[in-house]
Amino acid sequence: MTAAGRSAQAPDRLLCWLWLACALGPGSRLAGQMLDWCGGDPCRAWLRRTDSEFKKMAGRRGEKKTPEDFRPVLDRCRAKKIQIIPFGHDDYPLSLSRLPDLPLVLYCTGSPAWLNAPCLVGMVGSRSPDEYGLWGAQMLGQGLAQHGAVIVSGLAGGLDTACHQAAVEAGAATIGVQGVAIDRTYPAANRPLRAQMEAHGCVVGEYPPGENGAGRNGFLLRNRLIAGLSRALVVVQAREKSGTLSTVGHAVRYGRAVYALPGDVTREASAGTNRLLQEGRAKAVLAAGDLLDRLELAGAAPARQARPLSAAERQVLACLTDAPRRPEALAAGCGMSQPELAAVLMQLSLAGYLRELPGQQYSLL
């Protein structure tokens, strides 16, 4: 079909997602508001792009391109076997769907099912660590990975690399979050590591293949995704003025628990982590075992192969919060019968997604 023929039809939904993500731009604090306004339908946003409400959220960026302009992006992704995961997709991370500045579209290589694994733990730190920081990444990363945590980090140099490597050496899954285009690896020296991660884990980001405009801001915006994906954030080592601390700010904003590895007070490389502890912005972690009970990681083996969540499981998890809820309230909120809900709750409990509390109440882990 010609481009003219395609444009006469209703816009392709996936192309509309790509258009809308571009119209808002990465890291937009209005992304959640935009989804509420268009009812989660990017085609509706396209049809109403001249409304004043749309222009307040997207400015004039939505008028510069059409959904059809993004077909080359779709073609590049298919050619390079890059998966496109828009909001509402079966593999879209539920942990990000509740954030005000959520990404409308993610790009992924490897297995995206890991994005909804039960226990994702963010590990971040300096790009120029000393020997103590490297030891801490190995000790904490392997210990957590061996007990079922999926390590999330930024696939950059320094401690990001060390944290991912620790998980790989433990035979565990790990997730890399890109601050550059999904078809690039930065630094290039991490290409072999990335291939290992994609074989048992995934790499994800919000910049499409061929995107060259991310720049330094791409890494800062990437930090919010690390924090948002993770149930808890561990700062291995950071200097007093470190980009790593922006990830801490996002974690606090999202209500994630923050932990830090204390360092010798004479170590400049640990000045930022020690300050987090001194100011009470993080809790001290001395060994992986300190976190196992807090994260309810009772297993003694790496996480099993992640499986996609069923529609019913996603529906129940979307209704759950940190506050305990009784089955009758959940059933009403999810539109399920109580017998149907009971079966789903059992599956989610066995898989480690939720906590069963006294009085037959349930909450997210």
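All values derive from a computational prediction rather than experimental measurement.

J.: Tell me about the packing of aromatic side chains, residues and numbers included.
T.: Between two aromatic rings, the relevant description is the distance of the centres plus the angle of the planes. Under the counting rule described, the total for this entry stands at seven aromatic pairs. Relative to Phe 54, the ring of Trp 19 has its centre 5.6 Å away and its plane inclined at 5°; by these criteria the two rings are stacked. Of this pair, Trp 19 sits in helix 2 (residues 13-24) while Phe 54 sits in helix 5 (residues 52-58), and the two are 35 residues apart along the sequence. Given a relative accessible area of 1%, Trp 19 falls into the buried group.

J.: Give me the layout of surface pockets: which residues, what numbers.
T.: Rolled over the atoms, a probe as big as a water molecule pinpoints where empty space is left. The volume enclosed by the largest pocket comes to roughly 730 Å³. Taken together, 32 residues form the lining of the largest pocket, with Ser 95, Arg 231, Asp 322, Leu 364 and Leu 365 sitting closest to its centre. If you list the elements that add at least two residues to the lining of the largest pocket, you get helix 8 (94-97), helix 12 (215-229), strand 8 (257-260) and strand 11 (361-364). For the lining of the largest pocket, a count of residues per class yields 18 nonpolar, seven polar and seven charged.

J.: Give a detailed account of helix 13 (residues 244-253), specifying residues and quantitative values.
T.: Among the residues making up helix 13, those that are buried are Thr 244, Leu 245, Thr 247, Val 248, His 250 and Ala 251. Lining the buried residues of helix 13 we find strand 3 (120-125), helix 12, strand 7 (232-237), strand 8 and helix 14 (271-278). Trailing helix 13 by a residue or two, Gly 255 shows a phi angle of about 80°, which is positive.

J.: Talk me through the pattern of salt bridges; I want residue IDs and the actual numbers.
T.: In total, this model carries 16 salt bridges according to the counting rule given. A salt bridge links Glu 53 to Lys 56, with the nearest nitrogen and oxygen atoms 3.3 Å apart. With Glu 53 and Lys 56 both in helix 5, this residue pair falls three residues apart, about one helical turn. Residue Lys 56 is classed as exposed on the basis of its relative accessible area, which comes to 62%. Each member of the salt-bridge network shares a partner with another, and the members are Asp 101, Glu 206, Arg 224 and Arg 253.

J.: Explain the confidence of the model for the protein chain to me, using residue names and the numbers behind them.
T.: Residue-level pLDDT values for the protein chain average 91, and 96% of them are 70 or greater. This stretch, residues 1-8, has a pLDDT under 50; its non-local contacts, to residues over four places away or in other chains, come to four contacts.

J.: Pulling in residues and values, what's your account of the side chain of His 250?
T.: By the element assignment, His 250 lies in helix 13. Apart from residues lying up to four places away in sequence, His 250 is in contact with Leu 220, Asn 223, Arg 224 and Ala 227.

J.: Summarise the side chain of Asp 101; cite the residues concerned and give the values.
T.: Residue placement: Asp 101 occurs in the loop between helix 8 and strand 2 (105-110). Beyond its immediate sequence surroundings of up to four residues, Asp 101 is in contact with Gly 27, Ser 28, Arg 29, Ala 31, Arg 224, Arg 253 and Tyr 254.

J.: Let's hear about the packing of helix 12 against helix 13: which residues, and what values?
T.: At a minimum axis distance of 8 Å, the contact between helix 12 and helix 13 shows a crossing angle of 45°. Taken together, the axes of helix 12 and helix 13 lie oblique to each other. Seen from above, helix 12 lies across helix 13 with right-handed handedness. Listed contacts from helix 13 to Leu 220, Asn 223, Arg 224, Ile 226 and Ala 227 of helix 12 are Ser 246, Thr 247, His 250 and Ala 251. Residues that form the contact of helix 12 with helix 13 fall into these classes: four nonpolar, four polar and one charged.

J.: Hey, could you go over the state of the cysteines for me, with residue numbers and the actual values?
T.: Enumeration over the complete set of coordinates arrives at zero disulfides. The thiol of Cys 22 is unpaired, and the distance to the nearest cysteine sulfur, on Cys 16, comes to 13 Å. Of the residues examined, Cys 22 reaches a relative accessible area of 38% and is grouped as partly exposed. Cys 108 provides the cysteine sulfur closest to Cys 202, a residue in no disulfide bond, and the two sulfurs are 4.2 Å apart. Under the relative-accessibility criterion, Cys 202 is labelled buried at 0%.

About the thresholds
Residues numbered from 1 in each chain as written. Predicted model: local features only at pLDDT ≥ 70, side-chain atom pairs only at ≥ 80, totals over all residues. Heavy atoms only, no water. Phe/Tyr/Trp six-rings, centres within 6.5 Å; stacked < 30°, edge-to-face > 60°. Helix = DSSP H or I, 4+ residues; strand = E, 2+ residues; numbered from the N terminus. Buried < 20%, exposed > 50% of the residue type's maximum accessible area, 1.4 Å probe, protein only. 1 Å grid on protein atoms, 1.4 Å probe; cavity = no way out; pocket = protein on both sides within 12 Å on 5 of 7 lines; lining within 4 Å. Points joined across faces, edges and corners; volume = space filled by probe spheres on them. Nonpolar A, V, L, I, M, F, W, Y, C, P; charged D, E, K, R; others polar. Contact = heavy atoms within 4.5 Å. Salt bridge = Lys/Arg side-chain N within 4 Å of Asp/Glu carboxyl O. pLDDT = per-residue confidence, 0-100. Axes fitted to C-alpha atoms, helices over the stretch in contact; angles between N-to-C directions. Parallel < 35°, antiparallel > 145°, perpendicular 65-115°, else oblique. Left-handed = near helix turned anticlockwise from the far one by under 90°. Disulfide = S-S within 2.5 Å.

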